[in-house]
Amino acid sequence: MEIAEQQRIIAATADYVRQALAQDSSGHDWWHITRVWRLARTIAARESKGQFPAEVDLFVIELAALLHDIADWKFQDGDAEAGSRVARAWLEQYPIDSAAIDHICAIIHDLSFKGAGTSSMMPTTEGMIVQDADRLDALGAIGIGRTFAYGGHTGQPMYDPELAPHPHATFAEYKSARSTTINHFYEKLLLLRDRMHTATARQLAERRHVYMLEFLQRFMDEWDGHEHSFPDEM
Ligand code: ADP
Ligand code: NI
């Protein structure tokens with residue numbers, strides 16, 4: 001397929017996703033998609049220079065990044081197939097070869113985090129890059145913001161000192177567990193740094209990880225009333 005045709009499909013897909021997710025308030029809004037799309041391109045560019053296994057298929061990366069949250073299982077009655085199904089229906093209206101469509105849909109299917117103890121298989125470089133980009137957007141200042149937005153959206157408590165974090169061993173357990181927004185840092189967000197696939201993402205994740213640790217330290221200090229430095233004593 002010619003580059004111009006690929007660009008046309010990417011632009012149409014971006015329009016479609018922007019409209020579909022414009023009103024989202026769960027942290028999966030269009031701007032999340034925009035950030036992941038851009039991060040994925042950045043990672044792909046940097047990794048290719050480093051000869052990361054072979055040349056990557058940027059067309060697959062961009063479409064998977066754009067469509068990855070089009071129908072998230074968390075908002076589809078736990079249906080883990082919904083995202084790839086909706087993406088396939090969209091892509092099949094274009095003359096994209098079926099191997100590329102299969103590849104994009106497989107990435108979307110495998111992308112989402114399904115519990116601390118579940119393995120995350122991502123067999124292709126394209127998938128690793130999109131997953132790294134998506135995970136980076138769950139870290140750092142943006143990640144903290146999105147996590148609290150999600151907690152408010154689903155109505156879970158911000159924090160409950162009597163509810164310990166729980167490493168979920170299976171997807172079923174992760175899906176149905178009662179949690180808090182603070183626990184989510186221990187159940188997922190702080191685990192992501194060590195699960196990045198690419199060197200570029202590992203570098204970016206490090207700073208975001210440290211920032212979240214600082215945030216949690218302060219949160220607990222304020223919660224426990226352990227802030228001893230009053231302005232007039234400083
Ligand atoms: P992704 O977009 O990577 O698939 P998720 O859909 O798992 O990520 O999560 C989207 C956002 O919502 C992330 O920022 C994530 O931290 C947050 N989130 C997901 N589950 C919870 C939860 N149980 N409590 C608080 N935040 C959550
Ligand atoms: Ni996402």
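Residues numbered from 1 in each chain as written. Chains lettered and ligands numbered in written order. Predicted model: local features only at pLDDT ≥ 70, side-chain atom pairs only at ≥ 80, totals over all residues. Heavy atoms only, no water.

**Student:** Would you take a moment to explain the overall build of the protein for this structure?
**Tutor:** For the protein, the helix and strand inventory stands at ten helices and zero strands. In the protein, the succession of helices and strands from N to C terminus is α-α-α-α-α-α-α-α-α-α. Sorting the 234 residues of the protein into buried and exposed places 47% on the buried side. Here the contacts in the protein between residues at least 6 apart in sequence split such that 69% fall between residues at least 24 apart. Summed over its atoms, the accessible surface of the protein is roughly 12,300 Å², and 53% of this surface lies on carbon and sulfur atoms. (Helix = DSSP H or I, 4+ residues; strand = E, 2+ residues; numbered from the N terminus. Buried < 20%, exposed > 50% of the residue type's maximum accessible area, 1.4 Å probe, protein only. Contact = heavy atoms within 4.5 Å. Areas by Shrake-Rupley, 256 points an atom, 1.4 Å probe, with all protein chains shown as cover.)

**Student:** What am I meant to see in the coordination of the nickel ion (ligand 2) here?
**Tutor:** For a metal bound by four donors in tetrahedral geometry, the ideal donor-metal-donor angle is 109.5 degrees, whereas six donors in octahedral geometry ideally sit at 90 or 180 degrees. For the nickel ion (ligand 2), the protein coordination sphere consists of His32 (NE2), His68 (NE2), Asp69 (OD) and Asp134 (OD), at 2.1 to 2.3 Å. Sequence spacing among the residues donating to the nickel ion (ligand 2) works out to H-x35-H-D-x64-D. You can see histidine 32 sitting in helix H2 (residues 30-49) and its partner aspartate 134 sitting in helix H6 (residues 125-136), a full 102 residues away along the chain. Exposure remark for aspartate 134: the relative accessible area of 15% places this residue in the buried category. (Donors = N, O, S within 2.8 Å, 3.2 Å for Na, K, Ca; no water.)

**Student:** Would you take a moment to explain the side chain of histidine 209 for this structure?
**Tutor:** Turning to its location among the elements, histidine 209 is positioned in helix H10 (residues 199-224). Look at histidine 209 and you get buried, because its relative accessible area is 6%.

**Student:** Explain the nonpolar core to me, please; I cannot follow it from the model alone.
**Tutor:** Nonpolar side chains in soluble globular proteins generally cluster together in the buried interior. Of all hydrophobic cores here, the largest spans 59 residues; its most connected members are Leu63, Leu91, Ile96, Leu136 and Leu139. Put simply, the parts of the chain that give this core at least two residues each are helix H1 (3-21), H2, helix H3 (58-67), helix H4 (82-91), helix H5 (98-111), H6, helix H9 (181-187) and H10. With residues near it in sequence (within four places) discarded, leucine 136 still touches Leu39, Ile43, Met196, Ala201, Leu204, Ala205 and Arg208. (Core = buried A, V, L, I, M, F, W, Y, C linked by side-chain atoms within 4.5 Å.)

**Student:** Is there a simple way to think about H3 in this case?
**Tutor:** Residues three or four positions apart in an α-helix share a direction because the helix packs 3.6 residues into each turn. Among the ten residues of H3, nine are classified as buried, and the element is accordingly described as predominantly covered. Burial in H3 covers these residues: Phe59, Val60, Ile61, Glu62, Leu63, Ala64, Ala65, Leu66 and Leu67. Where H3 is buried, its residues touch H1, H2, H4, H5 and H6. Capping the start of H3 is the job of one residue whose side-chain oxygen sits 3.1 Å from the backbone nitrogen of phenylalanine 59: aspartate 57. (Polar contact = N/O pair within 3.5 Å; in protein donor to acceptor, adjacent residues only side chain to side chain.)

**Student:** How do you make sense of the packing of H1 against H3 when you look at a structure like this?
**Tutor:** Each pair of packed helices can be described by the angle between their axes along with the distance between the axes. Where H1 meets H3, the axes come as close as 9 Å, and the angle between the chain directions of the two elements is 10°. Compared by their axis directions, H1 and H3 come out roughly parallel. Where H1 abuts H3, its residues Gln6, Ile9, Ile10, Thr13, Ala14, Tyr16 and Val17 lie against Phe59, Glu62, Leu63, Leu66 and Leu67. Taken together, the residues of the contact of H1 with H3 sort by class into nine nonpolar, two polar and one charged. (Axes fitted to C-alpha atoms, helices over the stretch in contact; angles between N-to-C directions. Parallel < 35°, antiparallel > 145°, perpendicular 65-115°, else oblique. Nonpolar A, V, L, I, M, F, W, Y, C, P; charged D, E, K, R; others polar.)

**Student:** Which parts of the structure should I look at to understand the packing of aromatic side chains?
**Tutor:** Two numbers describe a pair of aromatic rings. These are the distance of the centres and the angle of the planes. If you walk through the whole model with that rule in mind, you get nine aromatic pairs. Taking 5.9 Å as the distance between ring centres and 85° as the angle between the ring planes, the aromatic pair formed by tyrosine 159 and phenylalanine 219 counts as edge-to-face. Placement of the pair is tyrosine 159 in the loop between helix H7 (140-154) and helix H8 (171-176) and phenylalanine 219 in helix H10, with a sequence separation of 60 residues. Of the two residues examined, tyrosine 159 and phenylalanine 219, each falls in the buried class. Centre to centre, the rings of phenylalanine 215 and phenylalanine 219 are 6.0 Å apart; their planes meet at 50°, and the pair counts as tilted. (Phe/Tyr/Trp six-rings, centres within 6.5 Å; stacked < 30°, edge-to-face > 60°.)

**Student:** It is not clear to me how the packing of H2 against H6 should be interpreted in this structure. Could you clarify?
**Tutor:** Between H2 and H6, whose axes approach to 8 Å, the crossing angle comes to 130°. Considering their axes alone, H2 and H6 lie oblique with respect to each other. Judged by the sense of rotation from one axis to the other, the crossing of H2 with H6 is right-handed. Counted together, His32, Val36, Leu39, Ala40, Ile43 and Ala44 of H2 and Ile129, Val130, Asp132, Ala133, Asp134 and Leu136 of H6 form the full contact between these two elements. (Left-handed = near helix turned anticlockwise from the far one by under 90°.)

**Student:** How should I be thinking about the pattern of salt bridges in this particular structure?
**Tutor:** Close approach of charged atoms allows side chains of opposite charge to pair. Tallied over the full model, the rule gives eight salt bridges. Between aspartate 137 and arginine 35 there is a salt bridge, and its shortest N-O distance comes to 2.7 Å. Of this pair, aspartate 137 sits in the loop between H6 and H7 while arginine 35 sits in helix H2, placing them 102 residues apart in sequence. A salt bridge links aspartate 194 to arginine 193, with the shortest nitrogen-to-oxygen separation between them at 3.5 Å. (Salt bridge = Lys/Arg side-chain N within 4 Å of Asp/Glu carboxyl O.)

Functional significance is not addressed by these values, which are geometric in nature.
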